[in-house]
Amino acid sequence: MPTLSLMPTEFTVVRNEEKCIKCLACVRQCGFEAQQYDAEDDRLYAIDANCVNCQRCVSICPAGALTIYKNPPPLRPHAFWTENHLRNIAKQAETGGVLLTGMGNDQPFPAYFDRLLLNASQVTNPSIDPLREPMELRTYLGRRPEPGAKTRTPLVPIATPIMFSAMSYGSISHEAFASLARAAKEFDTMFNTGEGGLPGDLYEYADHAVVQVASGRFGVHADYLNAGRIVEIKIGQGAKPGIGGHLPGEKITAPVAATRMIPEGTDALSPAPHHDIYSIEDLKQLIFTLKEATRYQKPVSVKVSAVHNVAAIASGIARAGADIIAIDGFRGGTGAAPTMIRDHVGIPIELAIAAVDQRLRDEGIRNQVSLVAAGGFRSSADVVKAIALGADAVYIATAALIALGCHLCQKCYTGKCSWGIATQDPYRSRRLNPEIGAERLYNLLRGWSHEIKEMLGGMGINSIESLRGNRLHLRGVGLNEVELKLLGVKHAGEAM
Ligand code: SF4
Ligand code: SF4
């Protein structure tokens, strides 16, 4: 029996009656039924309790008549029992279930990117003007050839060190998935299928796809592996380290089911571990199997969550024969994750990059693998800092979805996304035009790439590969000794 919510609403929807022209667009487009129309009384009203503040109605209202306010805390402030804790407990008292959420960790942990500053040339080692001089952002992913090696898997070039991270068809709409595929091809970078396979009508973009093999093995077959450019074994995801995935049956529509090779309407459950991987030796066996299946033509990436011993794990992955190691930090997004896991498990990507890069260098194997960082890249400056810390390239996902219209309401797991992104409902998903979506994503890559060139030029560097792991170009602000040591950077004000 549904229980009455004992908590006050989080948001208030305010409609300016003088401006409103009663077009009803907000009623039609609110994915969460917060906007209502009473035809009998010809009256518009809002159910504040349903509002998730996705901002769809505000953005599409032709009259600019809508505003959504976050309600000021109506509860007595308590530094220990925060509003979040109270709301969560109340929700669980009502439902008896695990708290679910979408997108990345929203807790106020330190953002190390915001405590790192970049260098610039002055007088000596003059800066480079990227408008007048060539500036190389092309990056090559994969294992560098070893002298005397019999087989050599080709390196994969990408035009910019930014790729689209794993987002599966099923967790996002076909329109969103197609937007990512098109933009990746047009910009000559990569998108990532996630664990849901590659829809048949998008094989024309496969040359720019990282095709994932996850624990559920959804959509994995020989043609899929051979069509992609890179094969990625997904061990972990930053938003939910150590646990599996669950795509509810309502999202398994006929085309999603066909792509995943599972029955329509059944829950898609990915187990927490791969049932054939319990050691580095087992991982080595799967890497070998995938390389055999693709005739050594596809670099194999292994993606893990950034966890406490990530450096040792990465060392094992490199030694197991992976060509690329992808590390996903605790700010990484998700279509659905238990809130407690998302918010309390894992470590920041900045510390993980520094630790992994240093460990691989210390062991003399850094050049054998490419290191791709994911989980919380909000700007081109974050990308440059990640590369200076030791990454070869980065994956972006949340930023890409924001470019497509996402307003970070964190309700992806409901399947009701008003922006047509995290939904399989055709009425909602057709709001996203893949051509326009691809253009917006392309623009984002273009803007960030220009900015990266400017930052590189300012440092007197003309190629992104020269910045990789060059931590002398970073300085910390407001960091303690341990943090500086882990990041391998000096404090601002210290000389070279
Ligand atoms: S979209 Fe704007 S103008 Fe149209 S009904 Fe809603 S509030 Fe009124
Ligand atoms: S994808 Fe949609 S549901 Fe998910 S956070 Fe963005 S706007 Fe909300």
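Residues numbered from 1 in each chain as written. Chains lettered and ligands numbered in written order. Predicted model: local features only at pLDDT ≥ 70, side-chain atom pairs only at ≥ 80, totals over all residues. Heavy atoms only, no water.

> Is there a simple way to think about the layout of surface pockets in this case?
Gaps left between atoms are located by rolling a probe of water-molecule size over the structure's atoms. Volume-wise, the largest pocket comes out at about 1,500 Å³. Around the largest pocket, the lining is made up of 49 residues, and of these E10, R87, K91, K411 and Y413 lie nearest the centre. If you list the elements that add at least two residues to the lining of the largest pocket, you get α3 (83-95), β5 (100-101) and α9 (339-344). Sorting elements by how many residues they give to the lining of the largest pocket places α3 first, with 11 residues. Residue composition of the lining of the largest pocket, grouped by class: 17 nonpolar, 19 polar and 13 charged. Lining the lining of the largest pocket are residues from two domains, each supplying at least three of them: domain 1 (11-97) and domain 2 (113-491). (1 Å grid on protein atoms, 1.4 Å probe; cavity = no way out; pocket = protein on both sides within 12 Å on 5 of 7 lines; lining within 4 Å. Points joined across faces, edges and corners; volume = space filled by probe spheres on them. Helix = DSSP H or I, 4+ residues; strand = E, 2+ residues; numbered from the N terminus. Nonpolar A, V, L, I, M, F, W, Y, C, P; charged D, E, K, R; others polar. Domains from an automatic or database assignment.)

> What is the right way to look at the pairing of strand β12 (residues 230-234) in this model?
Sheet faces and side chains relate simply in a regular strand, where the side chains alternate between the two faces. Burial runs high along β12: five of the five residues are buried. Where burial is concerned, the two faces of β12 agree: the one with I230, E232 and K234 and the one with V231 and I233 are both buried. Across four bridges, strand β11 (residues 209-213) lies against β12 in parallel orientation. Its bridge partner being in β12, V210 is matched across the sheet by I230. As for the winding sense of the linkage, the β-α-β connection from β11 through helix α5 (residues 222-227) to β12 is right-handed. The pairing of β12 with strand β15 (residues 300-305) spans four bridges and is classified as parallel. Bridge pairing in β15 places I233 opposite V302. (Buried < 20%, exposed > 50% of the residue type's maximum accessible area, 1.4 Å probe, protein only. Pairing = 2+ DSSP bridges. Right-handed = clockwise from strand over helix to strand, strands pointing away.)

> Explain the site of ligand 1 here, please?
Around ligand 1, the structure places 13 residues, and the nearest of them are C20, C23, L24, C26 and C61. Cavity membership is defined here by more than half of the atoms lying within 2 Å of grid points; on that basis ligand 1 lies in the second largest cavity. Looking at the shell around ligand 1 residue by residue, the class counts come to 11 nonpolar, no polar and two charged. (Near = heavy atom within 4 Å. Sits in = over half its atoms within 2 Å of the grid points.)

> Which parts of the structure should I look at to understand the nonpolar core?
Soluble globular proteins tend to bury their nonpolar side chains together. In terms of nonpolar packing, the biggest core is built from 122 residues, with F164, F191, I327, I396 and I421 touching the most fellow members. At eight residues, the largest contribution of residues to this core is made by helix α4 (residues 174-187). Excluding anything up to four places from it in sequence, I327 contacts V304, A306, V310, I349, A352, V356, L371, V372, A373 and A374. L141, M190, V372 and A393 belong to the second largest nonpolar core, which has 13 residues in total. (Core = buried A, V, L, I, M, F, W, Y, C linked by side-chain atoms within 4.5 Å. Contact = heavy atoms within 4.5 Å.)

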